[in-house]
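# Summary of structural features
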Amino acid sequence: MRRVLLVHNSPRVGRYFSALRSAITEPEILGCRVLARLPRPGPPPGAVGEIIDYGMRRKRARPHYGRLRIAATERAYRAAARLHYGHAAGWIRRTRPDAVGVWGGNAVDARAVVVAARDAGLPCFRFENGFLPDTTQMDAKGVNAASSLPRDPAFYERRGVVGAAGLPARITPRPPRRGKAALPAIRLPPRYIFAPFQVGLDSQLLLHSPWIRGMHHFFDVLTRAAEAAPVSGRAPVLVFKEHPSCPARYPDLGARAAGAGRVHFANGNATDGIIRGAAGVVAVNSSVGTESLLLGKPVLALGEAVYEVAGVASSARSTDAVAEWLAAVWEDRPPAAPLRAAFVDFLGGEYLIPGPHRSPGPEHFRAVGARLRNPGGTGWGEDWDA
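Residues numbered from 1 in each chain as written. Predicted model: local features only at pLDDT ≥ 70, side-chain atom pairs only at ≥ 80, totals over all residues. Heavy atoms only, no water.

The next subject is the overall build of the chain. Scanning the chain from N- to C-terminus turns up 13 helices and 12 strands. Taken across its 386 residues, the chain has 52% of its residues classed as buried. Long-range contacts, defined as pairs at least 24 residues apart, comprise 72% of the intrachain contacts of the chain with a sequence gap of at least 6. When the accessible surface of the chain is totalled, it reaches about 17200 Å², and 51% of it is carbon and sulfur. (Helix = DSSP H or I, 4+ residues; strand = E, 2+ residues; numbered from the N terminus. Buried < 20%, exposed > 50% of the residue type's maximum accessible area, 1.4 Å probe, protein only. Contact = heavy atoms within 4.5 Å. Areas by Shrake-Rupley, 256 points an atom, 1.4 Å probe, with all protein chains shown as cover.)

Mean pLDDT over the chain: 90, with 89% of residues reaching 70 or higher. Taken together, the stretch residues 381-386 has pLDDT below 50 and engages in 14 contacts with residues farther than four places along the chain or on a different chain. (pLDDT = per-residue confidence, 0-100.)

A separate point is the pairing of strand β9 (residues 280-283). The side-chain alternation of β9 yields two buried faces, one formed by G280 and V282 and the other by V281 and A283. Both strand β6 (residues 193-196) and β9 contribute to a ladder of two bridges, which runs parallel. The residue of β9 that forms the bridge with I193 is G280. One crossover worth recording links β9 to the parallel strand β10 (residues 299-301) by way of helix α10 (residues 287-294), and it is right-handed. (Pairing = 2+ DSSP bridges. Right-handed = clockwise from strand over helix to strand, strands pointing away.)

Strand order across the open sheet formed by six strands is β8-β7-β6-β9-β10-β11, with parallel pairing between neighbours. Where the open sheet ends on each side, the last strands, each with one partner, are β8 (263-265) and β11 (314-315). Against the sheet, helix α11 (residues 319-330) makes contact with β6, β9, β10 and β11, and its axis sits at roughly 165° relative to β9, the strand it touches most. (Axes fitted to C-alpha atoms, helices over the stretch in contact; angles between N-to-C directions.)

What follows covers the pattern of salt bridges. Taken as a whole and judged by the stated rule, the model has 15 salt bridges. E28 serves as the salt-bridge partner of R3, at 3.5 Å between the closest nitrogen and oxygen. Separated by 25 residues along the polypeptide, R3 in strand β1 (residues 3-8) and E28 in strand β2 (residues 28-33) bring together distant segments of the chain. Here D220 ties to R256 by a salt bridge, and the two come within 2.9 Å at their closest N and O atoms. Here R256 lies in helix α8 (residues 251-260) and D220 lies in helix α7 (residues 215-228), a separation of 36 residues in the sequence. The structure contains a network of salt bridges with shared partners spanning E50, R111, R118 and D119. (Salt bridge = Lys/Arg side-chain N within 4 Å of Asp/Glu carboxyl O.)

Next up on the list: the packing of α7 against α8. Between α7 and α8, the least distance of the axes is 11 Å, while the angle of their chain directions is 15°. With respect to α8, the element α7 is oriented roughly parallel. For the pair α7 and α8, the crossing hand works out as left-handed. Residues M215, H216, F219, D220 and T223 of α7 lie in contact with α8, whose contacting residues are D252, L253, R256 and A257. (Parallel < 35°, antiparallel > 145°, perpendicular 65-115°, else oblique. Left-handed = near helix turned anticlockwise from the far one by under 90°.)

Direction of pairing for β1 relative to β2: parallel, over a ladder of six bridges. If you follow L5 over to β2, its bridge partner there is L30. Since β1 and β2 lie parallel, the crossover through helix α1 (residues 11-23) that links them has a hand, and here it is right-handed.

All right, on to helix α2 (residues 47-60) then. Each α-helix turn comprises 3.6 residues. Residues three or four places apart therefore point the same way. Between its terminal C-alpha atoms α2 stretches 20 Å, which fits the 20 Å expected from 14 residues at 1.5 Å a residue. Those residues of α2 lying buried are A47, V48, I51, I52, Y54, G55, M56 and K59. Contacts from the buried residues of α2 go to α3 (67-95), α4 (108-119) and α6 (203-206). (Expected span 1.5 Å × (residues − 1).)

Attention now moves to the environment of A341. Relative to the helices and strands, A341 is located in helix α12 (residues 340-351). Separated by 179 residues in sequence, A341 and V162 have C-alpha atoms that sit 9.8 Å apart.

Let's shift gears to the packing of α2 against α4. Orientation of α2 relative to α4, taken along the N-to-C sense of each, is 145°, at an axis distance of 8 Å. Considering only the axes of α2 and α4, their crossing is right-handed. Here α2 contributes A47, E50, I51 and I52 to the contact with α4, which in turn contributes V108, R111, A112, V115 and R118. In the contact of α2 with α4, the residues fall into six nonpolar, no polar and three charged. (Nonpolar A, V, L, I, M, F, W, Y, C, P; charged D, E, K, R; others polar.)

Here is the structure:
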């Protein structure tokens, strides 16, 4: 690979891509910003719908968006998709890169770059925050549940624990939004199951959650499952925490929890401490699940998650299945997780790029450069090949 075109759609990503461009000399890295230009030619039939899919899901998930507003938004998104695709395709024709890179890849402008690269027959690296502390995702197939990360337990059985890289001892602090910073910590129960909320309009829920419709539904499923859990004595205790970066507030759920007795919200507590004290963790597909595996906790995924691998974490697609898992963990008989250490070791030692994108260092640049030079040489299967 001789030349890579990195396309950014925000100043933050622009600074990161500029840092890569300055630090990596091979392959040559080119950069440009997502801009609107007249499409010559425009995207092929059907591509516009693919480009705007995630953006429209976000809009339809907003309860205050009526039918007319949705229709107007879709028209605007379709026009933007054509413009962004034309701009990306023009850059690809002019610079003739061997690969393209973009942050995320789901927003309308970024998705247009992904589709333009695919139509040109080029691999497109997607970058995203890593799901272990101080790491970055970089994958030519996708990020999160759409990534090339192996889901076959046999892969981790063969690899085992290499231990080539030290794993972080603490999870990444999540800075709270204004208004959530001053919330008081609660005294956690002596024993509980942790259920972290996620950002309601994030791609993790809108694209990779086949049955949990949102955080109200998540709360309902967990509380119903806890009541139905076949445990001798009282139902399992649940501790929820709103996502600190999510603008949504859930005062109605807080009121329901206050009246339930065995349901709590710990919005002011540090996530690291909540995980460490938990008997188990239930998430849709949050990176809190991966961090919980790092800390040796039993994890249940309710959505499509990178850690939804037999022998690593459990999965459930019904309230009854959630109740069975809660009962097992509450009675100190959690499902066996013989591959948990191998999975986490592979994430930290090979799959994820070391270092956060906000403050990349020499090790980060070396890893990005190596993956750009040899995207198919990682050895974890055909899914990695673009």
